[in-house]
Amino acid sequence: MENLSSSGLSGVEWTRAAYDYSVDAAQRSVLFLDVLRKRGNLYFQHLKARQPPVLTFDYELILDGRTLERPVNYTLVRILNRRHPPLERQDTSVERRNNPVFRKGYPLERRRCPVERRGNNGKQAPQNPDQKNRPIVIIDPRAGHGPGIGGSKRDSEVGMALNNGHPVYFVIFYTDPIPGQTIADIQKAQVRFIEEVVRRHHQAPEPAVIGNCQAGWAVALVGADRPDVTGPLIFNGSPLSYWAGVEGKNPMRYRGGLLGGVWLTSFASDLGNGKFDGANLVAGFEDLNPANTLWTKQYNLYAKVDTEETRFLNFERWWSGYYLMASEEIHFIVDSLFIGNHLEKGNLELENDKWINLKNIEDPVVVFASSGDNITPPQQALNWIVKVYGTVEEIRRQQQVIVYLVHEEIGHLGIFVSGKVARKEHKAIIDSIDLIEYLPPGLYEMVIEEQDTRLGITDYRIRFQERRIQDILALDDGLQDEDAFETVAAVSQAGDLAYRTFLRPWIQFWTTELSAEILRQLHPLRVSRYIFSDRNPSVWPLKALTPMIKKQRRPVTPDNPFLALEKIFADSTEIGLNFYRDMRDIFQEYWFKSVYDNPWMKTSFGDGAAEKNDRQKELEKNPKREGRESDQYLRNMEKGGFVAGLVRIILALAVADKSLDRDELAAAEDIVLNYQPSKNIKRADYIQMVKEQSRILQTDLDQAIGTLPKLIKTARDRQRAMAAARQVVFADKDLNPKEEAIWVWISKSLKVKSL
């Protein structure tokens, strides 16, 4: 305000500024309302098209889940490389446009690919040249919205994978669920999809599977149940520790308890005649940040209406697509995962006598989280590692590799839609997907360091820094606040039992498909789209006014004092709504603790003590097990010959500073798999050898290096091994003191000349 009062404008200038601003504001208002009208029309167009995925890439149908023995509304498609005409496999043909199975799903006007392509001689095109590259399967979340957000832009997970030469598959789903489908049915279908990918790429390593947001736990179910068909698993913004969070910062975890548990989900599903409306989930997400929902998003469009229309409508096309879930699905998700937290605790019953435990995952895991994520904070993305394994030594004993990276500020949706994140974090993950299997078992943080920028292209150095369990716990403020959620789970089960016994029969008796559809169409999110659309005659004048305004557009200058006042008002409104949000969240957290974290409730519904996971119980019953495994590795110190010795030398040098550079891993792979004395070793055998030699080094470093002469016996072989290891040491163009010390130590042990 001081700048405005001291601007020194004359009365005429103030009048002129007021006139210019009023013209600009009036024009922006009309253009703003017209964009909302287009959003409403886009909503109906999307519905008419049966809400197809928002993928910006062409794709072809591979396997339709609706044709399986237990049908589900999921389908596997292959993303077609946007840069070249797709080359089809010799043993399959691409779905035709008139295929009735395909046409009963999404229309094909946007996907020019589902037509059979043949060469000039009438024969099918040759087999894809990427059959030896690891395929990548991407699964998007089914949390109220439709699929495709992981490939809605050129710079996205899909784009980065295509640029890297990976065959890319995408799991999409349809608006309406198959009646009665369960999470177990969906999990079986996803396993079937991955088996089909493995069959099509039998020469390649097992497919990497990416789960975005809530699809992360779906990927975890597949990986823990069928590790034989999956490769590395990537969890992007995925909640696996549903009770975790920081007091005063993560209010979403309290919602289930404040609403009384899963009974409300059952009630909403019954009102929907066996279907849960995904618009309810979207409304819950929007309620987390009322400032953005009620003001900031709209004001940003209003303030930048000349340039923001395309981005706004592209996002709203996905955000306004509300999908349905079967009652059985949503009940399992809320009861067993978000409230019961059975997946983290290792006692998730997927179906009768089929239990899922995260400690059964055998493939490397990459976890991508963000401190700016208010839907899946880092604690919910990472704390399962603490609960399942307890210590880094236990991770190593299980020969598991877990890598995590935490963005400093990006929001939840930015993890999937931000082009900047795609070009950096997602690119780094995809670039490293084939190399993380060569990491010694343990816990690592992926560190991405910006290098010199040349010709406008930024290069990044990728390191894997060894971490401890304490580094994950440091992101939290303690685990004691999770005790109250045990009480919530018990209260939820009691409330749901009471609802199903006394109220559900009456609700289901009076509910019809017509009443369910009326309730869905009256949802506030849908009504907000109806009001601003051509179905409302009162907005028709906007369609005629907009072209005239664009021709006579007179945007105000940035130094206009009234524009400054507008921005001050907008900022003040946002601050006020944020204050309301903070006070509401504090109040909700207070009531949650008052209700569930008190001695009476704990006595009535449980003591509130978090259960120890099966891994901890097993170690307590068998404290000598770790010692027996150490003896096994000690017995293997002198086994394996030249190749084992070479791998041990490379690993000893690579982990000397507790940090492994991606270039070092790439150089080690190239040397071991292509070096003359070891070139016949298979990739899978090399991965297993890395795990074994890593454990040998971790068990007794002195003896591991001291026994190298018994593995590499001749002077010529020792020189060759050190020459090969030298290429790995200098792959990152840096030899630090710790690596140099290990080098000297190994040289003395082998009695060869040092650096």
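Everything that follows concerns the structure shown earlier in this document.
Residues numbered from 1 in each chain as written. Predicted model: local features only at pLDDT ≥ 70, side-chain atom pairs only at ≥ 80, totals over all residues. Heavy atoms only, no water.

1. A short note on the packing of helix α27 (residues 641-654) against helix α32 (residues 715-729)
Alright, step 1. The geometry of α27 relative to α32 is characterised by a closest axis approach of 10 Å and an angle of 35° between their N-to-C directions. The chirality of how α27 crosses α32 is right-handed. Listed contacts from α32 to F642, L646, I649, I650 and L653 of α27 are D717, A721, M722, A724, A725, V728 and V729.
Alright, step 2. The residue makeup of the contact of α27 with α32, split by class, is 11 nonpolar, no polar and one charged. (Axes fitted to C-alpha atoms, helices over the stretch in contact; angles between N-to-C directions. Helix = DSSP H or I, 4+ residues; strand = E, 2+ residues; numbered from the N terminus. Left-handed = near helix turned anticlockwise from the far one by under 90°. Contact = heavy atoms within 4.5 Å. Nonpolar A, V, L, I, M, F, W, Y, C, P; charged D, E, K, R; others polar.)

2. Quick notes on the pairing of strand β6 (residues 233-236)
Alright, step 1. On β6, burial covers both faces: L233 and F235 on one face and I234 and N236 on the other are all buried.
Alright, step 2. With four bridges connecting them, strand β5 (residues 208-212) and β6 associate as parallel partners. Paired with V209 across the strands is L233, a residue of β6.
Alright, step 3. Between β5 and its parallel partner β6, the chain crosses via helix α6 (residues 215-225), and the hand of that crossover is right-handed. (Buried < 20%, exposed > 50% of the residue type's maximum accessible area, 1.4 Å probe, protein only. Pairing = 2+ DSSP bridges. Right-handed = clockwise from strand over helix to strand, strands pointing away.)

3. Concerning the pattern of salt bridges
Alright, step 1. Applying the stated rule across the entire model yields 56 salt bridges.
Alright, step 2. Residue R554 pairs with D20 through a salt bridge whose shortest N-O separation is 3.4 Å. Here D20 lies in helix α2 (residues 11-48) and R554 lies in the loop between α22 (540-551) and α23 (561-596), a separation of 534 residues in the sequence.
Alright, step 3. Assessed through its relative accessible area of 36%, R554 is described here as partly exposed.
Alright, step 4. Assessed through its relative accessible area of 21%, D20 is described here as partly exposed.
Alright, step 5. Among the charged side chains, a salt-bridge network with shared partners connects D34, R37, K38, E309, D534 and K550. (Salt bridge = Lys/Arg side-chain N within 4 Å of Asp/Glu carboxyl O.)

4. Digging into the packing of aromatic side chains
Alright, step 1. With the rule as written, the count across this model stands at 29 aromatic pairs.
Alright, step 2. Taking the centre distance of 5.3 Å and the plane angle of 70° together, the rings of Y43 and F44 count as edge-to-face. Exposure class is identical for Y43 and F44. Each is buried.
Alright, step 3. Centroid distance F267 to Y499: 6.2 Å. Interplanar angle 80°. Geometry classified as edge-to-face. You can see F267 sitting in helix α8 (residues 263-271) and its partner Y499 sitting in helix α19 (residues 483-510), a full 232 residues away along the chain. (Phe/Tyr/Trp six-rings, centres within 6.5 Å; stacked < 30°, edge-to-face > 60°.)

5. So, a nonpolar patch on the surface
Alright, step 1. Together, L258, F587, Y590, W591 and V595 line one region of the surface with nonpolar side chains, adding up to about 510 Å² of accessible area.
Alright, step 2. Relative to the helices and strands, F587 resides in helix α23.
Alright, step 3. Judged by its relative accessible area of 51%, F587 falls in the exposed class. (Patch = residues over 30% accessible without salt bridge, like charges linked within 9 Å, V, L, I, M, F, W, Y side chains within 5 Å. Areas by Shrake-Rupley, 256 points an atom, 1.4 Å probe, with all protein chains shown as cover.)

6. Quick notes on the environment of G144
Alright, step 1. Structurally, G144 is set in the loop between β3 (136-139) and α4 (157-163).
Alright, step 2. Here G144 falls in the buried class, since its relative accessible area comes to 3%.
Alright, step 3. Taking C-alpha positions, G144 is 8.9 Å from W319, a pair spaced 175 residues apart along the chain.

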